[in-house]
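Tertiary structure, described
Here is what each chain is made of, one letter per residue.
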Amino acid sequence: MRKSHPIRRVVLATAATVSGVVLLLSLKPSSDPASAAGGAANQPPAQEQVQGGAQPAGSGSVTGDAAQTQYGAVQVRLTVAGGKITKAETVQAPKGGKSDQITADAVPKLNQAAVAAQSAQIDAVSGATYTSAGYQQSLQSAVDKAKAAGGSGASQDQGSGSGSGNAQAARTVTGSVSQTQYGPVQVRITVSGGKITQAEAVQAPKGGESDQKTALSIPKLNQAAVAAGSADIDSVSGATYTSNGYKESLQSALDQAGG
C-alpha cells in the first residue's frame, strides 16, 4: 500500500480549511448589529410620536383666589381645554345651617352659568346674593389666571383673526372707590381690543335694604357697562346712589385704561 506524501496531506488540509471558511461566510446573516441599529434609527418611534403632540393652547386647571363672604369662603376652580372653560366647580362654599341648602341650590347653577358665559359675567342666583358675589369674584380671579397662562375662552372669543394678540392686549383695571350715602362702590373692568369685555363691582353697599338693591342693580349696571363700552349708562330705578357711584368708579377705570 502506497503512503501519502506529507506535502500532499498539508495541501489537502489547507484546501479543506478554506472550503469551511467560505461555507461559514455564505451562511452569515447579511445584517450585523450596526446595520440593524441603523435600520431601527431610520424608523419613526411610534411612542415618541404619540407623546409629541402638544395640548391645545390654554389647557389645564386653574383655581381662583378664595373670596370671603359674610357666610364663609367661596373658591372656584376651572378646567380649560382648547382655550375654553369646559368645567367649573367650587372647592370652597358656605357651610352649616341654612347655608347648606343655599349652597346646594346656588352652586350648581353658578357652575353652569360660568361654562355657558365663558366669563365671570354671570347673574346672581336669587336667594344666594353673598354666595353669588363671592363666586363671581373667585371666578374672575380664575379667569384672569387662565388668561395669563395662555388665554381663556373669554379672551379668545374676542379675537377676530389675531386671537393671540388680543389676548395679550387684554388687561384688568380697577376704578377708584366712589363713596355714596349707603356705602362705597368700586368697579373693575377687563378691556380687550379697546372694548370693555367684562365689568364687575368689587365693592357695593351692604346691609339691610342695601343688600336687595345691590343684588338687583349691580348685574344690570355690569351688563350696561359692557354694552355701552363707556360710563354713559342709565341709572337703575330704585338704586340711584349705587348707580351714580358705579358710573363714577367706572369712569375712573376707563380713564386708567386709556378709554
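Below is a summary of the structure that appears in this document. (Residues numbered from 1 in each chain as written. Predicted model: local features only at pLDDT ≥ 70, side-chain atom pairs only at ≥ 80, totals over all residues. Heavy atoms only, no water.)

**Structural notes on the overall build of the chain**
In terms of helices and strands, the chain carries 9 helices and 8 strands. Counting all 259 residues of the chain, 35% fall into the buried class. In the chain, of all internal contacts separated by at least 6 residues, the share reaching a separation of at least 24 is 49%. Counting only carbon and sulfur atoms, one obtains 52% of the accessible surface of the chain, whose full area is about 15,000 Å². (Helix = DSSP H or I, 4+ residues; strand = E, 2+ residues; numbered from the N terminus. Buried < 20%, exposed > 50% of the residue type's maximum accessible area, 1.4 Å probe, protein only. Contact = heavy atoms within 4.5 Å. Areas by Shrake-Rupley, 256 points an atom, 1.4 Å probe, with all protein chains shown as cover.)

**Section: the environment of Ala 117**
Structurally, the position occupied by Ala 117 is in helix α4 (residues 98–117). Judged by its relative accessible area of 32%, Ala 117 falls in the partly exposed class. Taking C-alpha positions, Ala 117 is 9.0 Å from Ile 85, a pair spaced 32 residues apart along the chain.

**Section: the side chain of Arg 188**
Along the chain, the position of Arg 188 falls in strand β7 (residues 183–192). For Arg 188, the side chain forms a polar contact with the side chain of Glu 200, separated by 2.8 Å. Once residues within four sequence positions are removed from consideration, Arg 188 is found in contact with Gln 140, Thr 172, Val 173, Thr 174, Gln 198, Ala 199, Glu 200 and Val 202. (Polar contact = N/O pair within 3.5 Å; in protein donor to acceptor, adjacent residues only side chain to side chain.)

**A few points about the packing of α4 against helix α5 (residues 129–149)**
Running from amino to carboxyl end, α4 crosses α5 at an angle of 35°, the nearest separation of the two axes being 10 Å. In the crossing of α4 with α5, the sense of the turn from one axis to the other is right-handed. Together, Ile 102, Leu 110, Asn 111 and Ala 114 of α4 and Thr 131, Ser 132, Tyr 135 and Leu 139 of α5 make up the contact between the two elements. (Axes fitted to C-alpha atoms, helices over the stretch in contact; angles between N-to-C directions. Left-handed = near helix turned anticlockwise from the far one by under 90°.)

**Observations regarding the pattern of salt bridges**
The full count for this structure, using the stated rule, is 5 salt bridges. The shortest N-O distance in the salt bridge between Glu 89 and Arg 77 comes to 3.2 Å. Of the two residues, Glu 89 is situated in strand β4 (residues 84–92) and Arg 77 in strand β3 (residues 72–81); the sequence distance between them amounts to 12 residues. For Lys 109, the salt bridge identified is with Asp 105, shortest N-O distance 3.4 Å. In this pair, Lys 109 and Asp 105 are both assigned in helix α4, 4 residues apart and thus about one turn of the helix distant. Owing to a relative accessible area of 38%, Asp 105 belongs among the partly exposed residues under this scheme. (Salt bridge = Lys/Arg side-chain N within 4 Å of Asp/Glu carboxyl O.)

**As for helix α9 (residues 240–257)**
Taking 1.5 Å per residue as the helical rise, α9 with its 18 residues ought to reach 26 Å, and the 26 Å between its terminal C-alpha atoms agrees with that figure. Considered for burial, the residues of α9 that qualify are Thr 242, Ser 243, Gly 245, Tyr 246, Lys 247, Ser 249, Leu 250, Ser 252, Ala 253 and Leu 254. Tucked inside the fold, the buried residues of α9 contact β5 (171–174), β6 (178–180), β7, β8 (195–203) and α8 (209–228). Backbone geometry just downstream of α9 places Gly 258 in the positive-phi region, at approximately 90°. (Expected span 1.5 Å × (residues − 1).)

**As for the layout of surface pockets**
Within this model, the largest pocket holds a volume of roughly 570 Å³. Around the largest pocket, the lining is made up of 30 residues, and of these Ala 133, Gly 134, Gln 136, Ala 201 and Thr 214 lie nearest the centre. Those elements that place two or more of their residues in the lining of the largest pocket are β2 (67–69), α5, β8 and α8. Per-element tally for the lining of the largest pocket: the top contributor is α5, with 7 residues. Residue composition of the lining of the largest pocket, grouped by class: 14 nonpolar, 13 polar and 3 charged. The calculated volume of the second largest pocket comes to roughly 180 Å³. Around the second largest pocket sit Tyr 71, Pro 94, Lys 98, Ser 99, Ile 102, Thr 103, Gly 127, Ala 128, Thr 129, Tyr 130 and Thr 131, which together line it. Looking at the lining of the second largest pocket, the elements that each hand over two or more residues are α4 and α5. (1 Å grid on protein atoms, 1.4 Å probe; cavity = no way out; pocket = protein on both sides within 12 Å on 5 of 7 lines; lining within 4 Å. Points joined across faces, edges and corners; volume = space filled by probe spheres on them. Nonpolar A, V, L, I, M, F, W, Y, C, P; charged D, E, K, R; others polar.)

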